[in-house]
Amino acid sequence: MEQNTYDIIIAGGGIMGCATAYYLMKSDPSLKLAVVEKDPAYERASTTLSMANVRIQFSLEENVRISQYAFEKLETFEEDMVVEDRKPAIAYRREGNLFLFDDKNHAAAAEAYGMQKKLGCDIEWWDSRTIGERYPLYDPSPYGGGTYGAKDGHFDAYAVLAGYKAKAKSLGALFIQDEITTISRSGDIVQGVSLASGEDLSAEIVINCAGAWCSRLAETAGVRLPVQPVSRQVFALDTQVKPDGPLPLTVLPSGLFFRSETGGLILLGKSMTEDPVGFNFSWDDKRFMEVLWPELAEFVPAFEALKLVRGWAGLYAVNTLDSNAILGEWPELKGFYLANGFSGHGLQQAPAVGRYLSELILRNPHKLDLSTFSPNRILDRRPLSEAGLV
Ligand SMILES: Cc1cc2nc3c(=O)[nH]c(=O)nc-3n(C[C@H](O)[C@H](O)[C@H](O)COP(=O)(O)OP(=O)(O)OC[C@H]3O[C@@H](n4cnc5c(N)ncnc54)[C@H](O)[C@@H]3O)c2cc1C
């Protein structure tokens with residue numbers, strides 16, 4: 001094989017690119033595979049700017065199964081990713097997720113709860129009195145209750161990315177620091193990529209793992225994806241009153257969410273309709289002070305006194321058709337695979353997605369069939385329904 005010719009090129013080395021590289025190399029170490037990443041510091045990658053939460057609280061069965069798979073993989077991740085005695089430390093903390101419901105979303109919560117129970121998930125139905133007993137700082141009186149996933153939690157997203165990356169490298173994947181400027185095609189077959197450095201790389205398979213930049217990249221091959229970068233903000237808070245124990249990721253029906261972070265801090269966010277579309281990384285303390293803080297203090301009166309320590313903005317790659325993943329080969333361009341459009345829940349989907357794509361490409365049987373997320377639905381305009389979006 002010529003020097004610049006690969007079996008597979010992965011565009012983007014965030015968590016999707018690294019997990020996919022790992023599963024491909026694990027299944028077939030003879031593969032010549034390159035991951036091209038423009039910013040190995042991951043300053044603007046969604047992976048490193050996320051809330052790093054994992055939960056089974058979704059309404060689409062496949063999304064629940066994806067998270068069940070993530071739970072299983074995260075439990076043994078540190079052992080599985082050992083490279084020459086170096087073990088990653090991913091700080092996997094199963095501190096729970098609590099989704100509150102009101103009259104408006106009571107029925108949807110009950111339906112999702114029933115499905116999650118059927119799939120064997122660790123999920124509890126709490127009335128508002130129980131919520132108040134478990135978390136005495138909360139005032140749940142305006143709400144009917146909540147669903148509590150005791151095994152849900154969070155982890156160090158960068159450590160997981162780095163764990164996959166180190167393991168994929170040890171199995172033979174090559175990581176190239178460069179920017180892909182064009183995905184080349186000949187007729188309806190993908191040919192490879194061109195890099196900002198001027199080099200051209202050939203491959204019969206190119207996987208788009210470019211996160212919020214995926215549409216821009218796909219466009220260079222003439223493929224239009226319904227995925228937009230949307231800026232989301234996160235705030236880190238130092239509250240005067242500290243809870244007795246860790247607070248679960250708590251999601252109010254309004255979409256406000258917060259959880260305990262290491263160092264006694266609270267992380268908080270809310271997706272808002274005015275969040276700008278585009279590559280916007282600015283955050284706005286006024287939004288916290290004027291809108292989010294009063295909302296937080298209403299639910300947790302003890303958080304009336306706090307200090308805003310810092311904030312940041314990262315990008316959701318929002319699939320405007322249905323906010324769900326787009327996985328598999330683009331039907332109109334042979335060899336062009338997608339792992340895109342994860343909106344606000346892609347991090348936890350990386351293990352299942354990486355595995356699924358490697359099975360699809362290497363034509364191995366599926367451990368978890370994710371064909372429901374096939375790109376065909378984009379062309380046919382058949383949205384999937386997921387009520388558990390944050
Ligand atoms: C504020 C926030 C909170 C979130 N919270 C959660 C959460 O709690 N749980 C959860 O599961 N998900 C969460 N998400 C979503 C999650 O972060 C993403 O779905 C996930 O990280 C996507 O991974 P990725 O690898 O596709 O994208 P990224 O991590 O963005 O990686 C894409 C990479 O591609 C590279 N790239 C792009 N274009 C090119 C090019 N042309 N050439 C070379 N390299 C390129 C970029 O530099 C980047 O490193 C959150 C996201 C945000 C913004």
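It should be emphasised that the depicted structure is a prediction, and the values quoted were computed from it without experimental measurement.

## So, the sheet that holds strand E16 (residues 306-319)
Part 1 of the argument: With respect to topology, nine strands assemble into an open sheet ordered E5-E6-E4-E13-E14-E15-E12-E16-E19, the strand pairing being mixed. Edge positions in the sheet fall to strand E5 (123-127) and strand E19 (342-343), since each has one partner strand and no second.
Part 2 of the argument: Where strand E14 (residues 257-261) meets strand E15 (residues 265-269), five bridges bridge the pair, whose relative direction is antiparallel. Following the sheet pairing, Ser260 is matched in E15 by Ile266.
Part 3 of the argument: Contacts from helix H3 (residues 106-118) reach strand E4 (97-101), E5 and strand E6 (145-149), with the element oriented near 150 degrees to E5.
Part 4 of the argument: Its contacts with the sheet put helix H7 (residues 285-299) on strand E12 (227-239), E14, E15 and E16, and the angle it makes with E16 is roughly 100 degrees.

## Side note on the packing of helix H1 (residues 15-27) against helix H8 (residues 350-362)
Part 1 of the argument: Their axes nearest at 8 Å, the elements H1 and H8 cross at an angle of 45 degrees. Judged by the inter-axis angle, H1 sits oblique to H8. Seen from above, H1 lies across H8 with right-handed handedness. Each of Ile15, Met16, Ala19, Thr20, Tyr22, Tyr23, Leu24 and Ser27 in H1 lies in contact with H8, whose residues at this interface are Ala350, Pro351, Val353, Gly354, Arg355, Leu357, Ser358, Ile361 and Leu362.
Part 2 of the argument: Grouping the amino acids of the contact of H1 with H8 by side-chain chemistry returns 12 nonpolar, four polar and one charged.

## A short note on the site of the ligand
Part 1 of the argument: The ligand sits among 39 residues. The nearest are Gly12, Gly14, Gly211, Gly314 and Gly346.
Part 2 of the argument: For the shell around the ligand, the elements supplying multiple residues, two or more each, are H1, strand E2 (33-37), E12 and E16.
Part 3 of the argument: Class assignment for the residues of the shell around the ligand results in 20 nonpolar, 14 polar and five charged.
Part 4 of the argument: Taken domain by domain, the shell around the ligand gets at least three of its residues from each of domain 1 (5-69 + 157-226 + 320-380) and domain 2 (93-153 + 229-316).

## Quick word on the nonpolar core
Part 1 of the argument: Ranked by internal contacts, the top residues of the largest apolar core, which has 114 residues, are Ile9, Ala11, Ala21, Val206, Ile207, Leu327 and Val353.
Part 2 of the argument: With nine residues, the top contributor of residues to this core is H1.
Part 3 of the argument: Looking at which domains feed residues into this core, each of domain 1 (5-69 + 157-226 + 320-380) and domain 2 (93-153 + 229-316) supplies at least three.
Part 4 of the argument: Those residues in contact with Ala21, other than ones at most four positions away along the chain, are Ile10, Leu33, Val35, Ala168 and Ala173.

## Regarding the pairing of strand E9 (residues 180-186)
Part 1 of the argument: Across six bridges, E9 lies against strand E10 (residues 189-195) in antiparallel orientation. Across the sheet, Ile183 pairs through a bridge with Val193, a residue of E10.
Part 2 of the argument: Between E9 and E10, which follow one another and run antiparallel, lie two residues, and Gly187 among them has a positive phi close to 60 degrees.

## Some words on the domain arrangement of the protein
Part 1 of the argument: Under the domain assignment, the protein is made up of domain 1 (5-69 + 157-226 + 320-380) and domain 2 (93-153 + 229-316).
Part 2 of the argument: Taking only C-alpha atoms into account, the centre of domain 1 sits 29 Å from that of domain 2.
Part 3 of the argument: Taken together, the contacts link 17 residues of domain 1 with 25 residues of domain 2.
Part 4 of the argument: Among the secondary structure elements, those contributing two or more residues to the side of domain 1 that touches domain 2 are strand E3 (53-54) and helix H2 (61-80).

## A closer look at helix H5 (residues 157-170)
Part 1 of the argument: Helix length check: H5 (14 residues) gives 20 Å between terminal C-alpha atoms against 20 Å at 1.5 Å per residue, within 8%.
Part 2 of the argument: Buried residues of H5: Ala157, Val160, Leu161, Gly163, Tyr164, Lys165, Lys167 and Ala168, and no others.
Part 3 of the argument: The inward-facing, buried residues of H5 contact H1, H2 and strand E8 (174-177).
Part 4 of the argument: Just downstream of H5, Gly172 is the residue with a positive phi angle, here 115 degrees.

Rules of the game
Residues numbered from 1 in each chain as written. Predicted model: local features only at pLDDT ≥ 70, side-chain atom pairs only at ≥ 80, totals over all residues. Pairing = 2+ DSSP bridges. Helix = DSSP H or I, 4+ residues; strand = E, 2+ residues; numbered from the N terminus. Contact = placed C-beta atoms within 7 Å. Axes fitted to C-alpha atoms, helices over the stretch in contact; angles between N-to-C directions. Parallel < 35°, antiparallel > 145°, perpendicular 65-115°, else oblique. Left-handed = near helix turned anticlockwise from the far one by under 90°. Nonpolar A, V, L, I, M, F, W, Y, C, P; charged D, E, K, R; others polar. Near = placed C-beta within 6 Å. Domains from an automatic or database assignment. Core = buried A, V, L, I, M, F, W, Y, C linked by C-beta atoms within 7 Å. Buried ≥ 20, exposed ≤ 12 C-beta atoms within 10 Å, placed from the backbone. Expected span 1.5 Å × (residues − 1).

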